[in-house]
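Chain by chain, the residues:
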Amino acid sequence: MNYQNQSRSAMPELAKAWAALQAYALLGPIRNDADFERVHALANDLSDEVGDDESHPLFSLFELAMELIEKWEDEHVVIPDTEPKEVLRFLLEENKLKQKDLSDIASPTLISDILAGRREISRVLAKSLSTRFNVNASAFL
């Protein structure tokens, strides 16, 4: 159904479809930390399901959830102006993550070395971290 070609008579069907979606996803504006956690969990589940497949039927729902998260973080998360390792430590704490939770982009040993000041964050890792945490890569360089 293409809404542009429908009249206002489609509203009851749209309301039913929205209610059905809300029963699974509870998608809506993020107004508090609980809303943020709910949408973040949804985005994680959707990411696992759709990956990078833009043709997946749930990809646009994933994009919507990510936009809601980005808007919330832009308004509520302050990245301190400090050393890259401290930015990483801050983001890990804020997102309640452990070093092993980043194993998809770097080994826990490398993350440990970075946090201890024994290693620097490479440009490649900075890009991966910026994607993971939805921040500018320059925060890690």
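This text gives an overview of the structure that appears in the document.

### As for a negative patch on the surface
Point 1. On the surface, D52, D53, E54, E63, E67, E70 and D74 cluster together into a negatively charged patch.
Point 2. Here D53 is to be found in the loop between α2 (33–50) and α3 (59–76).
Point 3. Classification of D53 by relative accessible area gives partly exposed; the value is 35%.

### Structural notes on helix α6 (residues 123–133)
Owing to its 3.6 residues per turn, the α-helix brings residues three or four apart onto one side.
Point 1. Every buried residue of α6 is accounted for by L125, A126, L129, S130 and F133. The buried residues of α6 occupy an angular sector of 140° when projected down its axis, which confines them to one face. Facing away from the buried side of α6 by over 90 degrees, the exposed positions are V124, K127 and T131.
Point 2. Against the buried residues of α6 lie α3, α4 (84–94) and α5 (108–116).

### Structural notes on the packing of α2 against α3
Axis angle and axis distance: for two packed helices, these are the angle between their axes and the distance between the axes, and together they describe the pair.
Point 1. Relative to each other, α2 and α3 sit at 145°, their axes nearing to 9 Å. The hand of the α2/α3 crossing is left-handed. Where α2 abuts α3, its residues D33, F36, V39, H40, A43, L46, S47 and V50 lie against F59, L61, F62, A65, M66, L68, I69, W72 and E73.
Point 2. Across the contact of α2 with α3, the residue classes tally to 13 nonpolar, two polar and two charged.

### A few points about the environment of A137
Point 1. Here A137 is to be found in the segment after α6.
Point 2. Separated by 75 residues in sequence, A137 and F62 have C-alpha atoms that sit 22 Å apart.
Point 3. Not counting residues within four places of it along the chain, the set of residues in contact with A137 comprises A126, K127 and S130.

### Some remarks on the packing of aromatic side chains
Point 1. Within this structure, the stated rule accounts for two aromatic pairs.
Point 2. With a centroid separation of 6.0 Å and an interplanar angle of 55°, the aromatic rings of F59 and F62 are classed as tilted. With F59 and F62 both in helix α3 and three residues apart, this pair spans about one turn of that helix. F62 matches F59 in its accessibility class, with the two residues each being buried.

### A closer look at α5
Point 1. Inspection of α5 places I111, D113, I114 and L115 among the buried residues, and these make up the whole buried set.
Point 2. Just downstream of α5 lies G117, where phi reads positive at about 85°.

### Quick notes on the side chain of D113
Point 1. Note on placement: D113 falls in helix α5.
Point 2. Dropping the residues within four chain positions of it, D113 is found in contact with R118 and R119.

Criteria and cut-off values
- Residues numbered from 1 in each chain as written.
- Predicted model: local features only at pLDDT ≥ 70, side-chain atom pairs only at ≥ 80, totals over all residues.
- Heavy atoms only, no water.
- Patch = residues over 30% accessible without salt bridge, like charges linked within 9 Å, V, L, I, M, F, W, Y side chains within 5 Å.
- Areas by Shrake-Rupley, 256 points an atom, 1.4 Å probe, with all protein chains shown as cover.
- Salt bridge = Lys/Arg side-chain N within 4 Å of Asp/Glu carboxyl O.
- Lys, Arg positive; Asp, Glu negative; His and termini not counted.
- Charge placed at Lys NZ, Arg CZ, Asp CG, Glu CD.
- Helix = DSSP H or I, 4+ residues; strand = E, 2+ residues; numbered from the N terminus.
- Buried < 20%, exposed > 50% of the residue type's maximum accessible area, 1.4 Å probe, protein only.
- Arc of directions from axis to C-beta.
- Contact = heavy atoms within 4.5 Å.
- Axes fitted to C-alpha atoms, helices over the stretch in contact; angles between N-to-C directions.
- Left-handed = near helix turned anticlockwise from the far one by under 90°.
- Nonpolar A, V, L, I, M, F, W, Y, C, P; charged D, E, K, R; others polar.
- Phe/Tyr/Trp six-rings, centres within 6.5 Å; stacked < 30°, edge-to-face > 60°.

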